[in-house]
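Examining the three-dimensional arrangement
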Amino acid sequence: MRERDHVQWDEEQELAAQAAVAKNSASKMEAEQKDRFQTDAPKFWDSFYGIHDNRFFKDRHWLFTEFPELAPLAAETKEQQHRSIFELGCGVGNTILPLLNYSSEAKLKVFGCDFSARAIEILRGQPQFDEKRCNVFVMDATLDQWQVPFEENSQDIIVMIFVLSAIEPKKMQRVLDNCYRYLKPGGLLLFRDYGRYDLAQLRFKSGKCLEDNFYVRGDGTMVYFFTEEELRGMMTQAGLTEEQLIVDRRLQVNRSRGLKMYRVWIQTKFKKPL
């Protein structure tokens, strides 16, 4: 598999993507069926992790490159500095385990939540998991009031990687408002998720669309595809200020199968003002 970063799309490709989305979203799912997927979301994710178990864990090789703010502190500062990092939708530890594995900071505290009890169970059973430095728990992040083991204005960094896209669009703003509440002044929200017209969106068949740009996969989990403007609007409304917002368009080429796959991700860094 070969990969090229930051590929530019021409007008023809953009129009073809728009047409594919218009086709697969022309017929929306019935309200009763839609409600079932949203109500039973934790069950679908429990089933997902039950099937994949820790085989789903992959050390995100790009994590510290794209988000150097998460990288282990330098030797001269790590003994003095307290850091508290919270990951929303931590799954089985794709971000948390590298943080614990590569950092020897004595004063690092990592928190993580997921609404899949099965994912949290798998994460706690990993050999790299360190309960002295890490506290993970089950929580529905779409609730008005978060039940978390830390105070408001306490987190240096909050991480959301392919998480907001799994949440019903009308609840997304509430999640970001709570992120603002628990970040320290000057703290960062690090975010990466699916962008509009990603290959995964174009591949959906008719009948899988819950609402515009929001779909249900074959395993019952849900996914939304964002634009820059949507994310900027929600982050700003939450009170956060923009540090970075990029659309990461990549071409992945599978030579053996003769396939070209265009991926689109959005990556942002937003700060809580001092």
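Please refer to the structure higher up on the page.
Report follows, based on the coordinates. Bear in mind that the values here come from a model prediction, so they are computed numbers and not experimental data.

1. Things to note about the overall build of the protein
If you tally the helices and strands in the protein, you get ten helices and eleven strands. A total of 274 residues make up the protein; the buried ones form 50% of that total. Once local pairs closer than 6 in sequence are excluded, the contacts in the protein between residues at least 24 apart make up 76%.

2. Let's talk about the environment of Phe 129
Along the chain, the position of Phe 129 falls in the loop between α7 (117–124) and β4 (134–138). When the C-alpha positions of Phe 129 and Asn 101 are compared, they lie 8.4 Å apart, and in sequence the two are 28 residues distant. Sequence-distant contacts of Phe 129, defined by excluding residues within four places in its chain, comprise Leu 97, Leu 100, Leu 123, Arg 124, Cys 134 and Val 136.

3. Focus: unusual backbone geometry
In this structure, Phe 162 is a non-glycine residue whose phi angle is positive, near 50°. Here Phe 162 shows up in the loop between β5 (155–161) and α8 (169–182). On the basis of relative accessibility, which here comes to 25%, the residue Phe 162 falls in the partly exposed class. Phi is positive for Asn 213, which is not a glycine, with a value near 65°. Given a relative accessible area of 12%, Asn 213 falls into the buried group.

4. A few points about the nonpolar core
One finds Phe 86, Leu 88, Trp 146, Met 160 and Leu 164 to be the most contacted residues of the largest nonpolar core, which totals 40 residues. At five residues, α8 tops the list of elements feeding residues into this core. The contact partners of Leu 88, leaving out residues within four places of it in the chain, are Cys 113, Met 139, Ala 141, Trp 146, Val 159, Met 160, Val 163, Val 175 and Cys 179. Counting 22 residues, the second-largest nonpolar core is a separate cluster that includes Leu 63, Phe 67, Leu 97 and Cys 134.

5. Focus on the pattern of salt bridges
Enumeration according to the criterion identifies 15 salt bridges in this entry. A salt bridge links Glu 69 to Lys 269, with the nearest nitrogen and oxygen atoms 3.1 Å apart. Separated by 200 residues along the polypeptide, Glu 69 in the loop between α4 (63–66) and α5 (75–78) and Lys 269 in strand β11 (residues 259–271) bring together distant segments of the chain. On the basis of relative accessible area, Glu 69 is assigned to the partly exposed category, the value being 25%. Each of the salt bridges in this network shares a partner with another, and the network as a whole consists of Glu 66, Arg 192, Asp 248 and Arg 250.

6. Quick word on the pairing of strand β2 (residues 83–88)
Within β2, six of the six residues are buried, which leaves it mostly tucked inside the rest of the structure. Of the two faces of β2, the one lined by Arg 83, Ile 85 and Glu 87 and the one lined by Ser 84, Phe 86 and Leu 88 are each fully buried. When β2 meets strand β3 (residues 108–114), the two strands line up parallel, connected through six bridges. What sits directly across from Glu 87, in β3, is Gly 112. On the question of chirality, the crossover connecting β2 to the parallel β3 by way of helix α6 (residues 96–102) is right-handed. Where β2 lies against β5, four bridges are found, and the strand directions are parallel. Considered in β5, the bridge of Glu 87 is made with Val 159.

7. Examining the sheet that holds strand β7 (residues 209–211)
Within a sheet, adjacent strands bond to each other through the backbone by hydrogen bonds, running parallel or antiparallel. One open sheet holds the three strands; their spatial order is β7-β8-β9, and the pairing between them is antiparallel. For this open sheet the edge positions go to β7 and β9 (222–224), each flanked by a neighbour on one side alone. The sheet shows a mean angle of 30° between the axes of neighbouring strands, direction not considered. Looking at chain direction, strand β8 (residues 214–216) and β9 are connected through three bridges and run antiparallel.

8. Quick look at the environment of Lys 260
Within the secondary structure layout, Lys 260 lies in strand β11. The spatial distance from the C-alpha of Lys 260 to the C-alpha of Leu 199 is 10.0 Å, given a sequence separation of 61 residues. Residues in contact with Lys 260, not counting those within four places in the same chain, are Leu 251, Gln 252 and Val 253.

Calculation rules
Residues numbered from 1 in each chain as written. Predicted model: local features only at pLDDT ≥ 70, side-chain atom pairs only at ≥ 80, totals over all residues. Heavy atoms only, no water. Helix = DSSP H or I, 4+ residues; strand = E, 2+ residues; numbered from the N terminus. Buried < 20%, exposed > 50% of the residue type's maximum accessible area, 1.4 Å probe, protein only. Contact = heavy atoms within 4.5 Å. Core = buried A, V, L, I, M, F, W, Y, C linked by side-chain atoms within 4.5 Å. Salt bridge = Lys/Arg side-chain N within 4 Å of Asp/Glu carboxyl O. Pairing = 2+ DSSP bridges. Right-handed = clockwise from strand over helix to strand, strands pointing away. Axes fitted to C-alpha atoms, helices over the stretch in contact; angles between N-to-C directions.

By themselves these figures say nothing about function.
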